[in-house]
Each structure stands twice: as structure tokens, then as C-alpha cells.
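Commentary on secondary and tertiary structure
The lines below spell out each chain.
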Amino acid sequence: MLAQLVGEVKAGRELVEAQRAEIATLEKQLAAEKANSASLATSYQAAEREIEQLRRSVGFLERAITLNEQTIAVLKSDNERLKGEARKSRKRAVLATLAAGGMLAARVLGVF
Amino acid sequence: MAGRARQIFKTAGGAVSHFVTTRPMSALLVAVTLGALASVAWQFAGGVVSGARSAITSNQVQATEAQSHEAQVQAGAAIASANETAVERKVNDQVRERTIKPAVEQTAREAAAAKERVKGARSNYEKATNTNALRRGDDLGALHRRNCADLALLYPGERFARCQ
């Protein structure tokens, strides 16, 4: 009976030692998981900042695109106006040339 | 004053009328010349207006181009900042992958092994306790007597409490 009790105590001590070792290992695992979690949190925050910066850059680029479209519209409008003016100017030049030619012809023919 | 102006216009009108009736071709030439001069003046005025409009357009274009350039610079700064953050994040990711993750895996393996050891130790303990007659509810008097006999065998000559 005593031998049984001694064996029981021995098994109990071994169990306690094994549990202490397990606790120490679990504490080490917990510390490693905490470090991993902190690293993941840092990466997550950095990714959030990165996304925010990229969103801002997209906003600025959209603004630049809008302004460039405005510039293109103004330039197109101005180009159309200048084309119209050039057409009118050509017409006037043709009419002036015809009038001058007519007057010259009349002068040559002795009308004046 | 009005009467004098009316008289001047009347005199000028009479002179023009006289000129047109006496020398019609010359009057026509003068009229065409005046028309040509008016046309040149009109074109000049049109050029001035066109130039002014071009200047306004140029100012508008310059303003929008400057604003667009500023927005592009700000976008570039934001992208550069995002790239810096990305580099920091990647360095952190590499550190985690190279040092922290292996440590996590190692400690997980150690924890699993420790758990197995505990399992074995618990099994041994349960076997030891299950074979204990005391826990099986044997006759406690007989058990006590056997314990005292065991003690007498192991420690001859020693005295133990409650074994006398």
C-alpha cells in the first residue's frame, strides 16, 4: 500500500512538473503571440495610413483631371472662335480683293 | 446752337449733293474708298476685341494649368508618403515573417509537446490513483493494518503514530 502511495505521489509530482513546464511553455507562446499581434497591428495601421494617402492622391489627381478638362474646354472654345474669325477674315479679304480688282479694272477701262 | 448745326449739315449735304450730281464716278470712288477705310477700321477693332478675348482665354488657361499643376504636386507628395509607409510596412512584415513567426511556431510546437507530456503524466497519475485501494473504497481497517505492516518492514524499529 505504501509503495502504491509512493508511486501515486511520484506520479503526482511528475504531473505537477509537467503542468509547470506546460505553463512556462504557454507563457512563452503567449509572449510570442503578443509580439506577433503587436507587429500585425503596426502593419495594419501602416496599411491604413497608406490607403488614406493613396485616397488623398486619387482625390488630387481627380481635381487635376477636372482642371485639365476645363483647360481643354476653354482651349477648344477659343480654337473654334479663332477658326470662325479666320473664316470671316478670309471672306473679307476675298471681298476686298474683288472690290480692289473691280476698281482697278474700272480705272483701267476708263470708267473713272 | 441747334440751328447752327442744322445749317452746317444743310450746307455739307448741299455740297455732297452737288458733288454727286456733277461728278458721279468720282463720288462713287470716294464712297468706295471710304467704305474700304471703314472696313479696315472694323477689322482693326475686331482684331483688338479678338486679342482681348485671347488674353482672357490665356489667363484662364494659365490659372487652370497652375491649379492642375498644384494638384498634381500634392498627389505626388501623397503617393510618396504612401510609398514610404509601404516600405515601413514591408520591413515590419519581413521582420515578423523572419523572426516573430518562427518563434510563434516554435513555441506552439513546444506547447503541443508539453501538452502531450502532461497528458502522459496525467495518465500515469490516474493509473496510480486507480490502483490505490484506498480510492477504490477497500476495507480501511485492513488497509491501515497493511500500511503499518509495510512501514514495519521498510523501517524496522521505527515507531509510527497510530501503528502501535
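Residues numbered from 1 in each chain as written. Chains lettered and ligands numbered in written order. Predicted model: local features only at pLDDT ≥ 70, side-chain atom pairs only at ≥ 80, totals over all residues.

1. Notes on the overall build of chain A
This is how it is decided: A helix here means a DSSP run of H or I that spans at least four residues, while a strand means a run of E at least two residues long, and both kinds are numbered starting from the N terminus. Three exposure classes are used, all based on how many other C-beta atoms lie within 10 Å of a residue's own C-beta (placed from the backbone): buried at 20 or more, exposed at 12 or fewer, and partly exposed between those limits.
Regarding its fold elements, chain A presents one helix and zero strands. Across the 112 residues of chain A, 12% fall into the buried class.

2. Looking at helix α2 (residues 24-130) of chain B
Stated precisely, the cut-off is as follows: A helix is expected to span 1.5 Å multiplied by its residue count minus one. To get the bend at any residue, fit one axis to the seven residues that end at it and another to the seven that begin at it, then take the angle between the two axes. The contact criterion used here is simple: two residues whose C-beta atoms, placed from the backbone, lie within 7 Å are in contact.
Helix length check: α2 of chain B, at 107 residues, gives a terminal C-alpha distance of 147 Å against a target of 159 Å (1.5 Å per residue), a fit within 8%. By the largest-angle criterion, E97 of chain B marks the main kink of α2 of chain B, which is about 40°. Regarding α2 of chain B, the residues found buried are T64, S68, A71, A75, A78, T85, I100, A114, V118, A121, Y125 and A128 of chain B. On its buried face, α2 of chain B sits against α1 (2-109) of chain A.

3. Quick look at the interface of chain B and chain A
How big an interface is tends to be reported as the loss of accessible area on association of its parts. Heads up, the rule is: Put simply, Ala, Val, Leu, Ile, Met, Phe, Trp, Tyr, Cys and Pro go in the nonpolar bin, Asp, Glu, Lys and Arg in the charged bin, and everything else, Gly too, in the polar bin.
Each partner contributes to the interface: chain B provides 59 residues, whereas chain A provides 51 residues. Elements with a contribution of two residues or more to the side of chain B that touches chain A: α2 and α4 (140-154) of chain B. When grouped by side-chain class, the residues that make up the side of chain B that touches chain A number 26 nonpolar, 20 polar and 13 charged.

4. With respect to the environment of L151 of chain B
Mapped onto the fold, L151 of chain B is located in helix α4. Taking the C-beta count within 10 Å as the criterion, L151 of chain B has 16 such neighbours and is therefore assigned partly exposed. Remark: the alpha-carbon pair of L151 of chain B and C163 of chain B, spanning 12 residues in sequence, is separated by 8.9 Å. Contact partners of L151 of chain B, with chain neighbours within four places excluded, come to L2 of chain A together with F160 and C163 of chain B.

5. Concerning α1 of chain A
Look at α1 of chain A: 155 Å from first C-alpha to last across 108 residues, which is about the 160 Å you get at 1.5 Å a residue. In the stretch just after α1 of chain A, G110 of chain A is the one whose phi turns positive, near 85°.

6. Looking at the packing of α1 of chain A against α2 of chain B
For any two helices packed against each other, the geometry is given by the interaxial angle and the distance between the axes. We count it as follows: Whenever a helix is involved, its axis is fitted only over the stretch in contact; in every case the axis is a line through C-alpha atoms, and angles between N-to-C directions fall within 0 to 180 degrees. An angle below 35 degrees is read as roughly parallel, one above 145 as roughly antiparallel, one from 65 to 115 as roughly perpendicular, and any other as oblique.
Two elements in contact, α1 of chain A and α2 of chain B, have axes whose closest approach is 3 Å; the angle formed by their N-to-C orientations is 170°. When the axis of α1 of chain A is compared with that of α2 of chain B, the two are roughly antiparallel. When grouped by side-chain class, the residues that make up the contact of α1 of chain A with α2 of chain B number 39 nonpolar, 31 polar and 24 charged.

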